[in-house]
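Report on the structure
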Amino acid sequence: MPEHLIAAAGQRGPRFGDDVWDIRPFIPRTTRHTRVDFTTLDDEIAIRTAKEYLHSRLRRAIPASRLSGPSTTPLKITALPREFLQLRVIMQTLTRLGAPRLADVTRNQLEIALAKWKDQPSWATGLVGVLKRLAAHGPFLSADRLAIHPWPGRTSAAVVGRTRSAENATDRIPEHVIGPLIKAAIFYVETASHDILAAQREIATLTAAQGNRQLGRGEAAEAVEAFISRRRAAGRGIPAAQRDHLHRCRDDTVIDGIVQTPGHGVIELLAGVGDLGRGQHRLREAADELGYEEGRLDTPISPWPETGQPWRPRLGPWALTKELTHLRLEF
């Protein structure tokens, strides 16, 4: 096995001389095929050739032709069983056509084999690809190897006769649909992005201040009281928990879409305390007086040009994470 796979899995894995290569420790548990059974081949020469070919494929990036050079990579471990299956089909087909050894294969026999496979174009393309790679890795095969290069100068798809589909003929998205979408996308990148990044900076500033503030006994409670006083003076309610997190506070009701419980994360940021502790009870008392509002940051939101209204409500930490994901996708 390649060294990087051995190091990651913490074990050596199958050895070259094993009759069965069990690769389960090196692939996802959901992978269907996890073994390569060399005893299904006809004789020792075929077995050694298959082992040497697969060993070379796992460790070497050898172009099958000049057309595939830049994109060539070693074989992925998850693809090992399929590569072996294709190789076995090739060997069995050529044996039935009178060429039990790769060295005996003629171009005419390759054409006959191709004709047998062509009724399944995708499968045939894969088999032709293995034949081409088998020839490319010939210098690393000691017992048997192809004496000819299969279909030189042509891609596997071209050999099988598979052509690229014509230009996409799907009707264009109507102008009255795509126009507003494009306008919104441009606004999102050119204008809304500034709001999103400003909110990100606000959280970074609040987080830094929170980490640098060492509160002694009683100081956390004072910070919570100061936060409540600021909300009262501004005519604002206590920041509520996110509706996305309702499963964490199942005993609380939702009124007008707002969870009736304090949002600890955003309050800790805005109040500058690391842990609300006993302040949770005080916040519920304050909410009975001031009410709840969505737990959001103070970063203002730009207006949508056609209405003059903010393009979305102010951002909270949870919403900001989602908007940052959307913004990366836009870019």
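Below, the structure is looked at part by part. Source: prediction; values computed, not measured.

A closer look at the overall build of the chain
Across its full length, the chain holds 11 helices and six strands. Relative to the globule expectation of 20 Å for 331 residues, the C-alpha radius of gyration of the chain, 33 Å, shows a markedly less compact shape. Sequence separation of 24 or more characterises 61% of the internal contacts of the chain that already satisfy a separation of 6 or more. Summed over all atoms, the accessible surface of the chain reaches about 19,500 Å², with 52% contributed by carbon and sulfur. Treating the 46 positive side-chain charges of the chain as one cloud and the 38 negative ones as another, the clouds have centres 8 Å apart.

Some details on unusual backbone geometry
Even without being a glycine, Trp151 presents a positive backbone phi close to 45 degrees. Along the chain, Trp151 falls in the loop between helix H5 (121-136) and helix H6 (156-160). Taking the relative accessible area as the measure of exposure, Trp151 reaches 6% and is therefore buried.

Regarding the packing of aromatic side chains
All chains considered together, the criterion is met by five aromatic pairs. Ring geometry for Trp21 against Phe38: centres 4.8 Å apart, planes inclined by 75 degrees, an arrangement best described as edge-to-face. Separated by 17 residues along the polypeptide, Trp21 in strand E1 (residues 20-22) and Phe38 in the loop between strand E2 (35-37) and helix H2 (44-59) bring together distant segments of the chain. You can call Trp21 buried: its relative accessible area is 6%.

Some points on H2
In an α-helix there are 3.6 residues to a turn, and that puts residues three or four apart on one side. The end-to-end C-alpha distance of H2, which contains 16 residues, comes to 23 Å, matching closely the 22 Å that a straight helix rising 1.5 Å per residue would cover. Listed in full, the buried residues belonging to H2 are Ala46, Ile47, Thr49, Ala50, Lys51, Glu52, Tyr53, Leu54, Ser56, Arg57 and Leu58. The elements touched by buried residues of H2 are E1, E2, helix H3 (80-96) and H5. One side-chain oxygen of the residue at the start of H2 lies 3.1 Å from the amide nitrogen of Ile45, identifying that residue as Asp43.

A look at the packing of H2 against H3
H3 packs onto H2 with a crossing angle of 140 degrees between their chain directions and a minimal axis gap of 11 Å. If you check the angle between H2 and H3, you find them oblique. The handedness of the crossing between H2 and H3 comes out as right-handed. Facing Ala46, Thr49, Ala50, Tyr53, Leu54, Arg57 and Leu58 of H2, the residues of H3 in contact are Leu80, Glu83, Phe84, Leu87 and Met91. Here the contact of H2 with H3 is built from residues that sort into nine nonpolar, one polar and two charged.

Structural notes on the pattern of salt bridges
The tally for this structure, following the rule as stated, stands at 14 salt bridges. A salt bridge links Asp43 to Arg101; the nearest nitrogen and oxygen atoms lie 3.2 Å apart. With Asp43 in the loop between E2 and H2 and Arg101 in the loop between H3 and helix H4 (107-117), the pair connects residues that are 58 residues apart, well separated along the chain. Put simply, Lys183 and Glu306 hold a salt bridge, and the shortest N to O gap is 2.3 Å. Taken together, the positions of Lys183 in helix H7 (residues 175-212) and Glu306 in the loop between strand E6 (292-294) and helix H11 (317-330) put the pair 123 residues apart, joining distant regions of the chain. Looking at Glu306, the relative accessible area reads 58%, which means it is exposed. What emerges from the salt-bridge pattern is a single network uniting Arg231, Arg236, Glu293 and Asp298.

Looking at the environment of Tyr188
Within the fold, Tyr188 resides in helix H7. Using a relative accessible area of 12% as the deciding quantity, one classes Tyr188 as buried. Separated by 82 residues in sequence, Tyr188 and Leu270 place their C-alpha atoms 27 Å apart. There is a polar contact of 2.4 Å between the side chain of Tyr188 and the side chain of Glu323.

What about the packing of H3 against H4?
Between H3 and H4, the least distance of the axes is 10 Å, while the angle of their chain directions is 120 degrees. Regarding the angle of H3 to H4, the classification is oblique. Where H3 crosses over H4, the handedness of that crossing is right-handed. Residue-level inspection shows Val89, Ile90, Thr93 and Leu94 of H3 in contact with H4, the latter providing Gln109, Leu110, Ala113, Lys116 and Trp117. Considered class by class, the residues forming the contact of H3 with H4 number six nonpolar, two polar and one charged.

Quick word on the nonpolar core
Phe38, Leu41, Leu54, Ile77, Leu80 and Trp117 are the most contacted members of the largest nonpolar core, which totals 44 residues. Elements represented by at least two residues in this core include exactly H2, H3, H4, H5 and H6. For Ile77, the residues in contact, after removing those within four places along its chain, are Met1, Leu5, Ile23, Phe26, Ile27 and Leu58. If you look at the next biggest cluster of nonpolar residues, it comprises 33 residues, including Ile196, Val224, Ile238 and Leu269.

Notes on a nonpolar patch on the surface
A cluster of nonpolar side chains, contributed by Ile173, Val177 and Leu181, occupies part of the molecular surface with about 260 Å² of accessible area. Along the polypeptide, Val177 turns up in helix H7.

Definitions and cut-offs
Residues numbered from 1 in each chain as written. Predicted model: local features only at pLDDT ≥ 70, side-chain atom pairs only at ≥ 80, totals over all residues. Heavy atoms only, no water. Helix = DSSP H or I, 4+ residues; strand = E, 2+ residues; numbered from the N terminus. Rg over C-alpha atoms; globule rule 2.2 N^0.38 Å. Contact = heavy atoms within 4.5 Å. Areas by Shrake-Rupley, 256 points an atom, 1.4 Å probe, with all protein chains shown as cover. Lys, Arg positive; Asp, Glu negative; His and termini not counted. Charge placed at Lys NZ, Arg CZ, Asp CG, Glu CD. Buried < 20%, exposed > 50% of the residue type's maximum accessible area, 1.4 Å probe, protein only. Phe/Tyr/Trp six-rings, centres within 6.5 Å; stacked < 30°, edge-to-face > 60°. Expected span 1.5 Å × (residues − 1). Polar contact = N/O pair within 3.5 Å; in protein donor to acceptor, adjacent residues only side chain to side chain. Axes fitted to C-alpha atoms, helices over the stretch in contact; angles between N-to-C directions. Parallel < 35°, antiparallel > 145°, perpendicular 65-115°, else oblique. Left-handed = near helix turned anticlockwise from the far one by under 90°. Nonpolar A, V, L, I, M, F, W, Y, C, P; charged D, E, K, R; others polar. Salt bridge = Lys/Arg side-chain N within 4 Å of Asp/Glu carboxyl O. Core = buried A, V, L, I, M, F, W, Y, C linked by side-chain atoms within 4.5 Å. Patch = residues over 30% accessible without salt bridge, like charges linked within 9 Å, V, L, I, M, F, W, Y side chains within 5 Å.

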